[in-house]
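Structural description and commentary
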Protein chains: 2
Amino acid sequence: MPDERIIATYRIETPLPLEQATAVLAGEQSSGTFVNVPGETDELRRRYGAVVESITPLDESKTPALPGSRMKGNRGLYRRADVRVSWSIENFGYNLPTVISTLQGNLYELAQFSGLRLSDVEFPDSFGQHFAGPKFGTAGTRKMTGVEGRPLIGTIIKPSIGLSPQQTAELVGKLAAADIDFIKDDELLGNPPHSPFKDRVSAVSEVLNRHFDKTGKKVMYAFNITDELDQMQANYDAILAAGGTCAMISLNSVGLIATKKICDRGQLVIHGHRNGFGAMNRHPLLGIDFLAWQKFWRLAGVDQMHVNGIANKFWEDDDSVVRSMAACAKPLVGTPPVLPVVSSGQTGLQAPETYRRTQTIDLLYQAGGGIMAHPGGPGAGVAALRQAWEAAVAGKTLADYATDHSELRQSVEKFAGAHA
Amino acid sequence: MPDERIIATYRIETPLPLEQATAVLAGEQSSGTFVNVPGETDELRRRYGAVVESITPLDESKTPALPGSRMKGNRGLYRRADVRVSWSIENFGYNLPTVISTLQGNLYELAQFSGLRLSDVEFPDSFGQHFAGPKFGTAGTRKMTGVEGRPLIGTIIKPSIGLSPQQTAELVGKLAAADIDFIKDDELLGNPPHSPFKDRVSAVSEVLNRHFDKTGKKVMYAFNITDELDQMQANYDAILAAGGTCAMISLNSVGLIATKKICDRGQLVIHGHRNGFGAMNRHPLLGIDFLAWQKFWRLAGVDQMHVNGIANKFWEDDDSVVRSMAACAKPLVGTPPVLPVVSSGQTGLQAPETYRRTQTIDLLYQAGGGIMAHPGGPGAGVAALRQAWEAAVAGKTLADYATDHSELRQSVEKFAGAHA
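Quick look at empty space enclosed by the protein now. A water-sized probe, rolled over the atoms, reveals where empty space remains. If you walk through the whole model with that rule in mind, you get six cavities of 30 Å³ or more. For the largest cavity, the calculated volume is near 680 Å³. In terms of lining residues, the largest cavity is bounded by 33 residues, among which Asn252 and Met280 of chain A together with Asn252, Gly255 and Met280 of chain B are the most central. Where the lining of the largest cavity is concerned, the elements lending two or more residues are α9 (251–254) and α11 (290–300) of chain A together with α9 (251–254) and α11 (290–300) of chain B. For the lining of the largest cavity, a count of residues per class yields 19 nonpolar, 14 polar and no charged.

Our next topic: the sheet that holds strand β4 (residues 115–122) of chain A. Residues and elements named next belong to chain A. Read from one edge to the other, the open sheet built from five strands follows the order β2-β3-β1-β4-β10, with strand pairing classed as mixed. Whereas interior strands pair on both sides, the edge strands pair on one side only; in this sheet they are β2 (51–61) and β10 (286–288). Strand-to-strand, the axes of this sheet are offset by a mean angle of 15°, without reference to chain direction. The pairing of β4 with β10 spans three bridges and is parallel.

A few words now on the relation of the copies chain B and chain A. You can overlay chain B on chain A at an RMSD of 0.0 Å; the transform is a turn of 180° with a shift of 0.0 Å along its axis. Such a combination of rotation and displacement between the chain copies is what one expects of a two-fold axis. In terms of proximity to the rotation axis, the leading residue of chain B is Gly255 of chain B, whose C-alpha is 1.8 Å off the axis. Comparing interface residues between copies, 100% of those in chain B also lie at the interface in chain A; the contact surface is shared.

What follows is about the environment of Gln294 of chain B. All names here are of chain B. Inspection of the secondary structure assignment puts Gln294 in helix α11. Judged by its relative accessible area of 1%, Gln294 falls in the buried class. As a C-alpha pair, Gln294 and His306 span 12 residues in sequence and 9.6 Å in three-dimensional space. In this structure Gln294 touches Met305, Ala327, Cys328 and Val338, once residues within four positions along its chain are discounted.

What follows is about the packing of aromatic side chains. Residues and elements named next belong to chain A. Throughout the structure, instances matching the rule amount to 24 aromatic pairs over all chains. Each member of the aromatic cluster is reached from another via a ring pair, and the members are Tyr94, Phe123, Phe127, Phe131 and Phe296. The lysine or arginine in question, Lys218, covers the ring of Phe212, its NZ or CZ lying 5.3 Å from the ring centre.

A word on helix α17 (residues 406–415) of chain A. Residues and elements named next belong to chain A. Here α17 has its buried residues at Leu408, Ser411 and Phe415. Each buried residue of α17 lies within a common arc of 55° when the element is viewed along its axis, so the set occupies one face. Taken together, the buried residues of α17 touch α14 (369–372), α15 (378–394) and α16 (398–402).

Further remarks concern the confidence of the model for chain A. In this model, chain A carries a mean pLDDT of 94, and residues with pLDDT of at least 70 account for 97%. Prediction confidence for the complex, expressed as pTM and ipTM, is 0.97 and 0.96 respectively.

Opposite the 94 residues of chain B that make contact, chain A presents 94 residues. Across the chain B to chain A interface the summed buried area is about 7800 Å²; carbon plus sulfur atoms make up 57%. The interface formed by chain B and chain A contains six salt bridges. Note that Lys260 of chain B is salt-bridged to Glu228 of chain A, the shortest N-O span being 2.9 Å. Where chain B meets chain A, there are 47 residue pairs in polar contact (both at pLDDT 80 or more).

Before going further, it helps to spend a moment on the side chain of Thr155 of chain B. Residues and elements named next belong to chain B. Residue placement: Thr155 occurs in strand β5 (residues 152–156). In this structure the side chain of Thr155 is engaged in a polar contact, spanning 2.5 Å, whose partner is the backbone oxygen of Ala367. With sequence-adjacent residues up to four places away left out, Thr155 is seen in contact with Leu175, Ile180, Phe182, Ile183, Lys184, Gln366, Ala367, Gly368, Ile371 and Met372.

Looking now at the sheet that holds strand β5 (residues 152–156) of chain A. Residues and elements named next belong to chain A. Spatially, the eight strands close up into a barrel ordered β5-β6-β7-β8-β9-β11-β12-β13, and their pairing is parallel. Along the sheet, successive strands turn relative to each other by an average axial angle of 25°, direction set aside. Note: strand β6 (residues 182–184) against strand β7 (residues 220–224), three bridges, orientation parallel. Looking across to β7, one finds that Phe182 is bridged to Met220.

This part takes up the packing of helix α7 (residues 197–215) of chain A against helix α8 (residues 229–241) of chain A. All names here are of chain A. Axis separation between α7 and α8 bottoms out at 10 Å; the angle between their running directions is 15°. By the angle between their directions, the pair α7 and α8 is classed as roughly parallel. Here the hand of the crossing between α7 and α8 comes out right-handed. Touching Phe197, Lys198 and Val201 of α7 are Asn235, Ala238 and Ile239, all from α8. When the residues that make up the contact of α7 with α8 are grouped by side-chain class, the tally is four nonpolar, one polar and one charged.

Here is what the cut-offs are and how they apply
- Residues numbered from 1 in each chain as written.
- Chains lettered and ligands numbered in written order.
- Predicted model: local features only at pLDDT ≥ 70, side-chain atom pairs only at ≥ 80, totals over all residues.
- Heavy atoms only, no water.
- 1 Å grid on protein atoms, 1.4 Å probe; cavity = no way out; pocket = protein on both sides within 12 Å on 5 of 7 lines; lining within 4 Å.
- Points joined across faces, edges and corners; volume = space filled by probe spheres on them.
- Helix = DSSP H or I, 4+ residues; strand = E, 2+ residues; numbered from the N terminus.
- Nonpolar A, V, L, I, M, F, W, Y, C, P; charged D, E, K, R; others polar.
- Pairing = 2+ DSSP bridges.
- Axes fitted to C-alpha atoms, helices over the stretch in contact; angles between N-to-C directions.
- Least-squares fit on C-alpha atoms with pLDDT ≥ 70 in both.
- Contact = heavy atoms within 4.5 Å.
- Buried < 20%, exposed > 50% of the residue type's maximum accessible area, 1.4 Å probe, protein only.
- Phe/Tyr/Trp six-rings, centres within 6.5 Å; stacked < 30°, edge-to-face > 60°.
- Lys NZ or Arg CZ within 6 Å of the ring centre and 35° of its normal.
- Arc of directions from axis to C-beta.
- pLDDT = per-residue confidence, 0-100.
- Buried area = accessible area lost by both parts, 1.4 Å probe.
- Salt bridge = Lys/Arg side-chain N within 4 Å of Asp/Glu carboxyl O.
- Polar contact = N/O pair within 3.5 Å; in protein donor to acceptor, adjacent residues only side chain to side chain.
- Parallel < 35°, antiparallel > 145°, perpendicular 65-115°, else oblique.
- Left-handed = near helix turned anticlockwise from the far one by under 90°.

Below is the structure:
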């Protein structure tokens, strides 16, 4: 094992002096008890102890961000800082869940902190040799769909729940006819009695295979394989057998290790849905940043990753979404980029701002209601989204471009209110 | 599939009228888009839509608990409530991760809420027929260790990281000689170069098997099998082959589905470590309560579950710990109780208060430094813990009981300061 270190960056808030609090953090995650015990020698501490690499003080607060910090601070203030802490990789090797237990673990529980959040992780190079990362990622998704030179346009089957496989397949037929690139199951839809997974794969694939035979275009459909492991494997097999190219997993609900087991097969593109992420992300001084979070899933092999979207229907602001998209595009210890999936309340009207802020077309732009509720039907919805992106990349306003693109014009008229 | 519903209870905070916000919650997790789409009929909504069962208003706040709620509230106030929402189990069947995506999923992201936390889940009876729950639990752990009529006394090998298998085994020998019931790896220790998992199992088991041959007492050792799935399976096999009885998993780091896959084998007691739990639990209006969280892991088959401890070194207060212990003791849709693992800064001095508050001896009382740093050595540390529990159950004060129990007296003298 090479002599390398893994470095974690935390944003902390503490009533204690910053050096003292950070020493507690490092101690908890290496020796890890509240008194010195026999056997914990200086040699052990030197070799396996966590090292505080840097402390960058930030502002101070009069009130604690989180409950449970029992100490009294100097002048009653809670100090904030960004701190970097490192561990020898000898502590855990390439055991990814144990890396997580080391970098996060009991830290959130410490009464010495009134706020603690993992902002980023720097994996050493050898992790890139041990973990292959996304088998397909952005480049592989483009290759499998034949979409180059523009974002992929995708949608979600709605209503989320209740349609039969046959009804789903009919909708898929309409969307394929509208020249869509990508379609996905909703994360609420798994394998319920009214839409058994196998029947859905079968009905949808028949439509998409027929479309391919006729047009040469392979629409990518992300079937939601989320379930117990054996069932996920069977679902995966069913997609492969039907000629499908993509499987979706609700990452947080399934967990890292079963997801990696599926990714390891490497025959299907894995669409990573991040539902549940807000539970460990919405408070600014608790949990984990997307920047750190996405790295673990990329090492596990996820190919496409939800990042929310500009002017989304959720709580997240645009700056945060832009940071997430940049993170996806950045190679990770030599493993390829993951394709960012832009979604949530997207109608196409956000295309110019998305492009202005990110200057990239390497994304899957996904609209649910934005396509399905288009006044001209789904076909017009897809056309409008493409037109919106043409305008964005050409640097034209949507209003200008809409004058001679009627589908876009209808979108602007229908959805402008939704973003007001 | 029976005509049953699953009911989730949330604590919410919202700037909107409570009825309106709760309707958004229910809508997001059934139809799930921001505009009505074709195909979403009244019939579909009736059958698959989430139903708001009750709304219990609580207090109001002048400031939002979490950022990102974009709406303005009436009189600028944020209203809090406990709301109950139900779904037909037809929506997801017995697909546990999809239940999680339905009950949590994107809810934490909604801008309509300035706080949202899953407090509890009521599973319908048929879940108890589909999921076996803990194979061993409290009763099975007692049977395998032969400990009846008192709490199991356990410890964690410290230092957390750095000891060789041989050094670990030597320590285990001392602890076994001290008549301990249970020992565990630290969650920071997986399968590193300085303590390869197989060598550790081998060295430790040799000592414990010898102890069993000599005394007839089977000390339970929870080897930390946390790793990728194939490696966890191999680790499990190694424990079985060596005559071990227990495997530990860092639940949040591994994830629900790989954990269930391991639990399904049913040959070893599964010790569930909850490290990382604070990330989704420490803020009172975000994430998930232990009450709800533990139910998913119990359905997956976890036998022993960390609950923190009275007067712990972490942020959690005693009331919360007492609630967690009560939750573990309660049968879950017909599946047996899970054994609560009481730990974190435990020295034995908390035994009387733990017993007074919970009136139970069905627990694994776990001390790290509390045993290893005892002035008389680990043997005296174990004796002191047993004495503390004897005193607690007899209704005597530790000071009284310590007068003719020297190990307890030493503990009281050494650790009283730690709880001051």
